[in-house]
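Okay, here's what each chain looks like letter by letter:
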Amino acid sequence: MTANASARPSTDSAVSRSPRQVQRIVRGRPTSDGAGVKLTRVIGQPDLDMIDPFLLLDEFRSDSAGDYIAGFPEHPHRGFETVTYMLAGRMRHGDNQGNRGLLTPGSVQWMTAGRGILHSEMPEQENGLMWGFQLWVNLPARDKMTAPRYQDIAPESIPEVSPVAGARVRVIAGTLNGVSGPVSGIATEPVYLDVRLQQGAIVELPLPSTHRGFAYVYEGQALVGDGVSANLVRGDLGVLGNGDSLEIAAGDAPARLIVVAGKPLNEPVTKYGPFVMNTPQQIAQAVEDFRAGRF
Ligand code: FE2
């Protein structure tokens, strides 16, 4: 976004900034999951298998009840974390350990499945808009059989930061302007920001250089990346290159996007439906444990 990068002031820090670029742009594919919920799969599809440590990103968005009403009845997970972020609508969560929760607009559930849970995610509404994201975050080999853990985060527990005029950022995970998000204790040290820009606003977000990540535009359009910026329109995911910051600019209209980054695990990944392990033997064990009712 900076017309002349060399004009960037270098007095703000002893270490010069290294802005990230968008390496490639990917669009999601329409699919359905659960008992027939229509959604768009952005990560975890043939055009984008994964962005280590992120295994899957779904956007669900519909105001037609038939697209979501059947929900996600009881199903297992093992070996990773599921992160649900609701923008609109209400989703009821329950599992076989007796945990219950209601996801309302603006709330987040960060579920560490670990060695295994059986849960359901069902709409708590019969009409109206249902909109949000589900992200799958991998667990390191040492944590794949950890005890399941939930972080149910109410909308009011997510701080909002305004780094510059015209920009508002909800900090779900990670730190921005000294403000940390409520999600804690996650192995991949994730950053999860929900960014809202007014027309013409430009923001620069720090992203740890150790992390891999992406930006996904869910409303409007935005220029993302330094210098030769990528123009991302609604439904575009930009895979980010290396660096320690990210510039985002809104054009003639407001823009909304999520910016997500995490420490890559660089470990072997073997996926089979709702099980994500390191080896085929561990997958076979997961299937056997599930069938034997050991979840
Ligand atoms: Fe699930």
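Residues numbered from 1 in each chain as written. Predicted model: local features only at pLDDT ≥ 70, side-chain atom pairs only at ≥ 80, totals over all residues. Heavy atoms only, no water.

Draft legend 1. Layout of the overall build of the chain. If you tally the helices and strands in the chain, you get one helix and 26 strands. At 19 Å, the chain has a C-alpha radius of gyration in line with the 19 Å of a compact globule built from 295 residues. Counting only C-alpha atoms, the chain reaches 65 × 40 × 35 Å along its principal axes. The buried share of the chain, taken over its 295 residues, is 50%. Total accessible area computed for the chain in this model is approximately 12800 Å², and 48% of it derives from carbon and sulfur atoms. Measuring between centres, the 27 positive side-chain charges of the chain sit 2 Å from its 31 negative side-chain charges. (Helix = DSSP H or I, 4+ residues; strand = E, 2+ residues; numbered from the N terminus. Rg over C-alpha atoms; globule rule 2.2 N^0.38 Å. Buried < 20%, exposed > 50% of the residue type's maximum accessible area, 1.4 Å probe, protein only. Areas by Shrake-Rupley, 256 points an atom, 1.4 Å probe, with all protein chains shown as cover. Lys, Arg positive; Asp, Glu negative; His and termini not counted. Charge placed at Lys NZ, Arg CZ, Asp CG, Glu CD.)

Draft legend 2. Expanded view of the environment of Gln281. Counting through the fold element by element, Gln281 comes out in helix α1 (residues 280-291). Gln281 sits 85 residues away from Arg196 along the chain, and the two C-alpha atoms are 44 Å apart.

Draft legend 3. Region of the structure containing the coordination of the iron ion. Protein coordination at the iron ion: the donors are His75 (NE2), His77 (NE2), His119 (NE2) and Glu121 (OE), at 2.1 to 2.6 Å from the metal. Taken together, the four donor atoms surrounding the iron ion define angles of 83 to 178° at the centre, an arrangement classified as irregular. (Donors = N, O, S within 2.8 Å, 3.2 Å for Na, K, Ca; no water. Tetrahedral: all angles 85-135°; square planar, octahedral: opposite > 155°, others 65-115°.)

Draft legend 4. Spotlight on the sheet that holds strand β23 (residues 245-250). If you trace the four strands from one edge of the open sheet to the other, you get β18-β23-β20-β21, paired in antiparallel fashion. Edge strands, defined here as strands with exactly one partner in the open sheet, are β18 (202-206) and β21 (230-233). Between one strand axis and the next, the sheet turns through 25° on average, direction left out of account. (Pairing = 2+ DSSP bridges. Axes fitted to C-alpha atoms, helices over the stretch in contact; angles between N-to-C directions.)

Draft legend 5. A look at the side chain of Thr112. Checked against the element boundaries, Thr112 lands in strand β9 (residues 108-112). Its relative accessible area of 7% is what places Thr112 among the buried residues. A polar contact is formed between the side chain of Thr112 and the side chain of Glu81, at a distance of 2.6 Å. (Polar contact = N/O pair within 3.5 Å; in protein donor to acceptor, adjacent residues only side chain to side chain.)

Draft legend 6. Region of interest: the pairing of strand β11 (residues 130-138). Across the nine residues of β11, nine count as buried, placing the element largely inside the fold. Residues Met130, Gly132, Gln134, Trp136 and Asn138 of β11 are buried on one face, and the alternating residues Trp131, Phe133, Leu135 and Val137, pointing to the opposite face, are buried as well. Taken together, the eight bridges between strand β4 (residues 54-62) and β11 define a ladder with antiparallel strand orientation. Paired with Phe54 across the bridge in β11 is Val137. Note: strand β6 (residues 80-88) against β11, eight bridges, orientation antiparallel. Across the sheet, Tyr85 pairs through a bridge with Phe133, a residue of β11.

Draft legend 7. Quick look at the sheet that holds strand β12 (residues 149-153). The antiparallel open sheet is built from seven strands, whose spatial order is β2-β3-β4-β11-β6-β9-β12. Each edge of the sheet is formed by a strand with only one pairing partner; in this case those strands are β2 (29-33) and β12. Across the sheet, the mean angle from the axis of one strand to that of its neighbour is 20°, orientation sign disregarded. Both β2 and strand β3 (residues 37-43) contribute to a ladder of five bridges, which runs antiparallel. Looking across to β3, one finds that Asp33 is bridged to Val37.

Draft legend 8. Structural detail: the pattern of salt bridges. This model, assessed by the stated rule, comprises 15 salt bridges. Note that Arg29 and Asp47 form a salt bridge whose closest N and O atoms lie 3.3 Å from each other. One end of the pair, Arg29, is in strand β2; the other, Asp47, is in the loop between β3 and β4, with 18 residues separating them in the sequence. Judged by relative accessible area, Arg29 falls into the partly exposed class, the value being 36%. Since its relative accessible area comes to 35%, Asp47 is described here as partly exposed. Residue Asp49 pairs with Lys271 through a salt bridge whose shortest N-O separation is 3.1 Å. With a gap of 222 residues between them, Asp49 in the loop between β3 and β4 and Lys271 in strand β25 (residues 270-272) connect regions that are remote in the sequence. By relative accessible area, Asp49 is classed as partly exposed at 46%. Among the charged side chains, a salt-bridge network with shared partners connects Arg78, Glu288, Asp289 and Arg294. (Salt bridge = Lys/Arg side-chain N within 4 Å of Asp/Glu carboxyl O.)

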